[in-house]
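Chain residues, written in single-letter form:
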Amino acid sequence: MTMLSSVAERLYWMARYLERAEDTARLVSAYNHLIMDIPSGSEPGWDIMVKILDAQEQFAQRFRVANEQNVLKLLLADEESPCSIPYSVKAARENVRTTRDVLPEDAWELMNELHIFTRDNAEKSVGRRNRHAFLAEFVSRCQTLNGLIQTTLSRDHAYRFIKLGQLLERADMTTRVVDVGAGDILDREGNFAAIDPLLWSSLLHALSAMSAYRRQVGPLIEKNAMVDFVFMEPAFPRSVRFCIRGIREELGPLKNNGATLRSIERIRRRLRRFHAEQVSRAELHAFIDEFQHQVNLLHRSIDATWFQPEA
Amino acid sequence: MEDIWNRYRASDFFDELITEKGGARVAARQAVNMLRKLSGAELAARQEASEVAIRDMGISFTVYTEGGNIDRAWPFDIIPRIIPAKEWSRVSDGLVQRTRALNCFIDDIYNKQRILADGVVPAEIVLESPNFKEQCMGMSPRHGVWAHICGTDLVRNGDGKFYVLEDNLRVPSGVSYMVENREITKRALPELFENHSILPVDDYPSQLYSTLASLSPRERRRPTIVVLTPGIYNSAYFEHAFLAQGMGAELVEGTDLFVGDDECVYMRTVDGPARVDVIYRRIDEDFMDPEAFREDSVLGIPGLMRSWKAGKVAIANAPGAGVADDKVVYAYVLDMIRYYLREKPIVNSVPTYLCMREADREYVLANLKNLVVKPANESGGYGIMVGPHSDAATHKKFAKLIEENPRNYIAQPTLSLSTAPTFIENGVEPRHLDLRPFILQGKDSWVTPGGLTRVALVKGSLVVNSSQGGGSKDTWIVEGKR
């Protein structure tokens, strides 16, 4: 099967944008839950989500005050800002539009419907009333599209590049959530300690890891076990380790994969040496920083090898 | 129940389905009888079903407007246009004959230019045309064929005979809609297909594949074919994707291809460069290769012409084929058939006055209100004046244009375009139509059974272009009773 570099690139980005949109929706949804459970004054600020998405600059261009309305307006309804859900959906759709012929027949229709659904509802969902319903349906529509790809797309190059984009984006998002989320909790240094378990569990919710964690580790949520779980659990499909292993598998059958495989090996070695109970807050941050840098290098290696090959 | 067909009057023009006396033509009888059983409301429901099918199937075309590009749903009328197989078979022979002669002409022009030397066609109208590409001189593509895919516009005149109105030899489009129209009719009016023997149209992509494969410079079981598109913003992008998918070919843009040091064309794939044998180009030749044509082209592939001239890649339609796609050259096609093939033309052209010829020009200027005036080098129905439908000011404007640049204008008698029953506001009314069959020529020739029927949805209008309010119909070639 021939796969044009340009088509591979579009599939990869389609998957990244879809994953980003879905993960953002999960994050907002988890935070939305949290906010109703904790006494006001002790909750983390709304801008924590802006920090997680590394979107402080985009936020500052539009708004001054980091309150609920403004943050949600940016993330749910601002089609122009790259950190927003509608932006990701639009970008994913443009990529599907030009790769329809290598995707399952219904993919374009589902993608189109997701786009229309977002366009028609995002704005209305900034307020609390419709927010939950919107986010829940949004995630479910993303899952439908993923399910279609999972069950009907041949395991060839097209599938491979979709998988690469999806896993890489997921690993990146997971580490961001842990970095900023855990950082916020730890920075409180025991203030409002009573609500800490709530915060840790909302972090697991944001990563869709709650029930998996409970079954694997137990009902008590505690920082080290949680970070270890999210990073290292081999059986949980959203753990960083799982994503990295998946990327390595997909790279296997590709030609000219030498440099990229070396890049992924470096990441795996680092990850193996990580143990949550041995690191301080600062070390955790430094580790994640370095990890994200490595993921970025991995992306560049994929891009240079398969999307922009020398003539 | 009121029969909405009773009011249908087709006496002014040749009607495709209904005779002057009001009865159905033989080939159309079964279909019309069945359609008559449907009330206006039922027919409206079917029309709606067809529109849903079009949306679901994602059939669209792009209209360029000042406000930006709009992706519009494909306009479609559910009542099919029906042509008897026996009549079509003769037309089809005529189209093959015509395309053969046109290809002989192009090949001759870029080589010995015998037809010019023999004075059959005046040299200046060919050599001074912007469609004549110096860069192609001395080239002789495989099988001597330059125009591999030809979209010929046919009209049926008041005498009931088909005439060729235009030969489109550059990048004719519309064939995907021909295939999709049949699919839509099958969904919206399934019962029409009972007891009918209608020639299928859906094997066009395989026929196109065989034609293109026969051009490959390398003898391979499955040559590598690509469809070259200008991209998503082109009005025919839908069709480019449709054809690529139908042929199992890659849909590429200029940046996906490059010419290697060995002068072969390669596409960039995740497995490394892969050699391309045949390019079905859907971009204008002026944008194909910035080295050879327009330097400012960002769509093109530098070195493509070199590769083609070195015989390393086949291009369909060949660059330069447009030299025969010119409304002035059109006036000589029947002479070409006699000159190259020594045959009698089977299908006629429309009589054409060339404004560059003095006698013709005088006649045209004196009869502007009865004639259709066309610029020699426009497509899509732009810049045309239909004399009887235009006011004195427009006549004056065109008289001036003609006097300023006679080479650029031709005129033809206003034809009485045939009509067919068309569903309009819960009733059935006659509307004018044309027909664009597609002729493939590689090692062998092949003609689509029927083609794309375009219909002017505005009452009395003769303009069928979808960019200007035209619609389309499914076209049936029906075998007689067995």
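Residues numbered from 1 in each chain as written. Chains lettered and ligands numbered in written order. Predicted model: local features only at pLDDT ≥ 70, side-chain atom pairs only at ≥ 80, totals over all residues. Heavy atoms only, no water.

### Some details on the sheet that holds strand β14 (residues 353-354) of chain B
Residues and elements named next belong to chain B. With antiparallel pairing, the four strands of this open sheet are ordered in space as β14-β17-β15-β16. Strands at the two margins of the open sheet, each flanked by one partner only, are β14 and β16 (385-386). In the sheet, strand β15 (residues 371-375) pairs with strand β17 (residues 409-413) via five bridges, with the strands oriented antiparallel. Residue pairing for β17: V372 is matched across the bridge by Q412. (Pairing = 2+ DSSP bridges. Helix = DSSP H or I, 4+ residues; strand = E, 2+ residues; numbered from the N terminus.)

### Considering the packing of helix α6 (residues 107-121) of chain A against helix α7 (residues 128-152) of chain A
Residues and elements named next belong to chain A. Contact geometry for α6 and α7: axes closest at 10 Å, N-to-C directions at 170 degrees. Classified by the interaxial angle, the pair formed by α6 and α7 is roughly antiparallel. For the pair α6 and α7, the contacting residues are A107, L110, M111, E113, L114, F117, T118 and N121 in the first and F134, E137, F138, R141, C142, T144, L145 and L148 in the second. Residue composition of the contact of α6 with α7, by class: ten nonpolar, three polar and three charged. (Axes fitted to C-alpha atoms, helices over the stretch in contact; angles between N-to-C directions. Parallel < 35°, antiparallel > 145°, perpendicular 65-115°, else oblique. Contact = heavy atoms within 4.5 Å. Nonpolar A, V, L, I, M, F, W, Y, C, P; charged D, E, K, R; others polar.)

### Remarks on the environment of R436 of chain B
All names here are of chain B. Tracing the backbone through its elements, the reader meets R436 in strand β19 (residues 427-436). In this structure R436 comes out as buried when scored by relative accessible area, which is 11%. For R436 and G174, which are 262 residues apart along the polypeptide, the C-alpha to C-alpha distance reads 8.1 Å. The contacts of R436, once residues within four sequence positions are left out, are G151, T152, D153, N168, P172, S173, G451, L452 and R454. (Buried < 20%, exposed > 50% of the residue type's maximum accessible area, 1.4 Å probe, protein only.)

### Considerations on the interface of chain A and chain B
Taken together, the contact pairs 20 residues of chain A with 19 residues of chain B. Of the roughly 1,800 Å² buried between chain A and chain B, counting both surfaces, carbon and sulfur atoms make up 50%. By the criterion of area lost to chain B, the three top residues of chain A are L4, R97 and D101 of chain A, representing 30% of everything that side buries. At the boundary of chain A and chain B, one finds one salt bridge. (Buried area = accessible area lost by both parts, 1.4 Å probe. Salt bridge = Lys/Arg side-chain N within 4 Å of Asp/Glu carboxyl O.)

### A closer look at the nonpolar core
Grouped together as the largest cluster of nonpolar side chains are 184 residues, with contacts concentrated most on F138 and F231 of chain A together with F105, I106 and M336 of chain B. Ranked by the residues each element gives to this core, the list is headed by helix α1 (residues 5-37) of chain A, at 16 residues. Counting the residues that make up this core, at least three belong to each of domain 1 (218-312) and domain 2 (351-413) of chain B. Setting aside anything within four residues of it in sequence, one finds F138 of chain A in contact with A21, E22, A25, I85, V89, L114, F117 and T118 of chain A. Among the nonpolar cores identified, the runner-up in size contains 63 residues, and I59, V179, A244 and A316 of chain B belong to it. (Core = buried A, V, L, I, M, F, W, Y, C linked by side-chain atoms within 4.5 Å. Domains from an automatic or database assignment.)

### Regarding the confidence of the model for chain B
Of all residues in chain B, 95% attain a pLDDT of 70 or more, and the chain-wide mean is 90. Both scores are given for the predicted complex: the pTM is 0.86, the ipTM 0.83. (pLDDT = per-residue confidence, 0-100.)

### Let's talk about the pattern of salt bridges
All names here are of chain A. Inspection of the entire model under this criterion finds 45 salt bridges over all chains. In this structure, E19 and R170 form a salt bridge, with 2.9 Å as the shortest nitrogen-oxygen distance. Linking E19 in helix α1 with R170 in helix α8 (residues 157-187), this pair joins segments that are 151 residues apart in sequence. Assigned by exposure class, E19 and R170 land together as buried. Each of E19, D23, R170 and R238 takes part in salt bridges that share partners, so that together they form one network.

### Comments concerning the sheet that holds strand β6 (residues 225-228) of chain B
Residues and elements named next belong to chain B. Strand order across the open sheet formed by four strands is β7-β6-β11-β12, with parallel pairing between neighbours. Either end of the sheet is taken by a strand with one partner, and the two such strands are β7 (250-252) and β12 (314-316). For this sheet the average axis-to-axis angle between neighbouring strands, irrespective of direction, equals 25 degrees. Pairing geometry for strand β11 (residues 278-281) and β12, over three bridges, is parallel. From the neighbouring strand, V278 faces β12, where its bridge partner is A314.

### Details of the confidence of the model for chain A
Residue-level pLDDT values for chain A average 89, and 97% of them are 70 or greater. By mean pLDDT, helix α9 (residues 196-206) of chain A is the weakest element of chain A at 83, and helix α12 (residues 240-251) of chain A is the strongest at 96.

### Some details on unusual backbone geometry
With an omega of -15 degrees, the peptide bond between A316 of chain B and N317 of chain B qualifies as cis. Here N317 of chain B is to be found in the loop between β12 and α10 (327-330). You will see that S208 of chain A, though not glycine, has its phi angle at about 55 degrees, which is positive. Counting through the fold element by element, S208 of chain A comes out in the loop between α9 and α10 (210-216). A positive phi angle is found at N256 of chain A, which is not glycine, with a value near 55 degrees. Along the chain, N256 of chain A turns up in the loop between α12 and α13 (258-272). Classification of N256 of chain A by relative accessible area gives exposed; the value is 54%.

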